[in-house]
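Fold and contact review
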Amino acid sequence: MRGRKLDSLGVSAFCESMAMMVQSGIQMDEAVALLRSGRGQGGCLEEGLVVMQAETEAGKGLSVAMEKAGIFPEYAVRMVAAGESAGRLEDVLFQLARYYADQKTMTDKLRNSVLYPVAMLGIIIVVLAVMLTMVLPAFTDVYDNLTGSLAASAYAYVQWAYVLCWAAMGVMLVLALVLAAGFALWNSKKRGAIEGLLGRVPACGAILESLGMFRFTAALSTFLASGQMQDIAVAESVKMTSCRAVEEKVDRCARRMSQGHGIAQAAYDEGLFEPVYGRMLLAGERSGNLESVLRKLTGLLAEHCSNLVERLVGIVDPVLSGVLMLTVGLSLLSVMLPLMGLLSTIG
């Protein structure tokens with residue numbers, strides 16, 4: 001069971017359910033028992049709840065029970081432990097529910113945005129394969145029958161249609177292999193190297209930085225809700241970014257905070273956020289509503305990241321469509337013009 005983990009949506013649902021029961025004053029062992037009785041569907045959560053019920057009935061805390069179950073992310077376990085220590089378990093659970101729900105939403109948006117260009121790439125490869133194996137050979141046979149030998153006739157330049165299609169097919173296949181290899185490495189221990197390469201591409205780098213800022217802000221909001229000091233919350237939250245550019249900015253903010261500045265002032269001075277977001281954070285800190293502003297900011301950053309992805313897809317999609325139309329159009333033109341010449345000669 002140690003190798004099986006809940007997905008983001010499962011963790012979010014668990015945390016929200018537990019938060020509502022804690023809010024209602026239900027004891028921890030009773031809350032876990034109630035959650036388990038409402039399941040009955042098997043799976044890793046069902047198995048984990050069995051372990052958690054035994055642990056909580058023995059007097060252990062929720063964080064210890066979650067760790068023993070082995071199905072929750074380390075970040076969630078640490079946050080629950082911090083919430084228990086600070087007496088803010090309810091707030092932390094609600095924050096975790098929102099954090100993992102946002103993570104799930106963001107992941108789905110990124111996946112859906114990438115699927116369409118990938119599907120378009122597959123369509124291009126299929127169309128080119130049909131052109132090379134069925135359409136062009138059919139025209140070649142017609143010309144061979146009419147002129148005796150296509151290569152020796154005035155219509156030999158029809159071969160350029162083959163060259164064009166094969167060249168486009170080669171480019172598309174290489175691109176497909178690169179995407180497949182990148183996807184495999186992204187889901188392995190080489191993810192950092194792939195992110196480093198993508199970060200050098202301006203459009204991709206902007207998306208990765210925006211995604212890193214979203215992760216940092218969401219984690220910072222959760223850490224502060226757990227009662228952590230600002231400097232500790234920043235130091236722990238930066239580990240969630242997976243983006244070198246964001247880490248460097250946060251490190252500069254941490255150094256400024258060590259000089260006595262608050263997180264909002266340090267972030268504003270170092271340009272961690274866009275100026276309008278920085279002013280929002282300053283106003284929130286001065287009014288004592290820093291956590292609520294961070295939650296709002298997390299949503300805005302998620303929307304900004306989605307817009308960047310959609311903008312990139314809006315560029316890639318027309319390019320792929322243009323390649324398909326140009327290749328097919330020129331290929332058909334190459335084989336249709338000789339046919340028109342033959343028909344005019346016959347007529």
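This text goes with the structure placed above it.
Cut-offs and rules
All residue numbers refer to position in the chain's written sequence, counted from 1. For a predicted model such as this one, the threshold for reporting local features is a pLDDT of at least 70, and the threshold for listing and counting side-chain atom pairs is 80 or more; totals across whole chains, interfaces and linings nevertheless cover every residue. No hydrogens and no water enter the side-chain calculation; it runs on all heavy atoms of the structure. For patch building, the residue pool is restricted to those with more than 30% relative accessible area and no salt bridge; the joining distance is 9 Å between like charges and 5 Å between nonpolar side chains (Val, Leu, Ile, Met, Phe, Trp, Tyr). We get accessible surface area from the Shrake-Rupley algorithm with a probe of 1.4 Å; when it comes to residues, only the shown protein chains can shield them. Whenever a carboxyl oxygen of Asp or Glu lies within 4 Å of a side-chain nitrogen of Lys or Arg, that contact is scored as a salt bridge. Helix and strand assignments come from DSSP, with helices taken as H or I runs of at least 4 residues and strands as E runs of at least 2, each series counted from the N terminus. In this scheme, a residue with accessible area under 20% of its type's maximum is buried, one over 50% is exposed, and one in between is partly exposed, where area comes from a 1.4 Å probe on protein chains only. Axes here mean lines fitted to C-alpha atoms, for a helix over just the part in contact, with angles spanning 0 to 180 degrees between N-to-C directions. Oblique is the label for any angle not under 35 degrees, not over 145, and not in the 65 to 115 range, which are roughly parallel, roughly antiparallel and roughly perpendicular in turn. Whether a crossing is left-handed or right-handed is set by the direction in which the near helix is turned from the far one by less than a right angle, anticlockwise for left-handed and clockwise for right-handed. Contacts were defined at the residue level, with two residues in contact if any of their heavy atoms lie within 4.5 Å. Nonpolar residues are Ala, Val, Leu, Ile, Met, Phe, Trp, Tyr, Cys and Pro. Charged residues are Asp, Glu, Lys and Arg, and all others, Gly as well, are polar. To estimate the expected span of a helix, count its residues, drop one, and scale the result by 1.5 Å.

1. Structural notes on a nonpolar patch on the surface
A cluster of nonpolar side chains, namely Val114, Val118, Leu175 and Leu179, defines an oily patch on the protein surface of about 310 Å² accessible area. Those elements that provide at least two residues to the nonpolar patch are helix H6 (89-147) and helix H7 (159-186). If you trace the backbone, Leu179 turns up in helix H7. Leu179 gets classed as partly exposed once you look at its relative accessible area, which sits at 44%.

2. Here's the deal with the packing of helix H12 (residues 263-270) against helix H13 (residues 275-286)
Between H12 and H13, whose axes approach to 8 Å, the crossing angle comes to 160°. With respect to H13, the element H12 is oriented roughly antiparallel. In the packing of H12 onto H13, the handedness of the crossing is left-handed. Each of Ile263, Ala264, Gln265, Ala267 and Tyr268 in H12 lies in contact with H13, whose residues at this interface are Pro275, Gly278, Arg279, Leu281, Leu282, Glu285 and Arg286.

3. Observations concerning the pattern of salt bridges
Oppositely charged side chains may form a pair once their charged atoms are brought near each other. This structure, assessed with the given rule, holds 7 salt bridges. One salt bridge in this structure joins Arg252 and Glu270, with 3.4 Å as the shortest N-O distance. Taken together, the residues Arg252 in helix H11 (residues 244-257) and Glu270 in helix H12 connect sequence positions 18 residues apart. The exposure class of Arg252 is partly exposed, given its relative accessible area of 31%.

4. Topic: the packing of helix H1 (residues 8-23) against helix H2 (residues 28-37)
Remark: H1 packs on H2, axes separated minimally by 10 Å, with the N-to-C direction vectors making an angle of 135°. When the interaxial angle is binned, H1 and H2 end up oblique. Relative to H2, the crossing made by H1 is right-handed. When H1 is examined against H2, the residues Phe14, Ser17, Met18, Met21 and Val22 are found in contact with a partner set consisting of Met28, Ala31, Val32, Leu34 and Leu35. Tallied by class, the residues present in the contact of H1 with H2 amount to 9 nonpolar, 1 polar and no charged.

5. Here's the deal with helix H5 (residues 74-86)
The end-to-end C-alpha distance of H5, which contains 13 residues, comes to 18 Å, matching closely the 18 Å that a straight helix rising 1.5 Å per residue would cover. All of the buried residues in H5 are Tyr75, Ala76, Val77, Met79, Val80, Ala82 and Gly83. Once H5 ends, the next one or two residues include Gly87, with phi positive near 70°.

Purely geometric stuff here, so don't read any function into it on its own.
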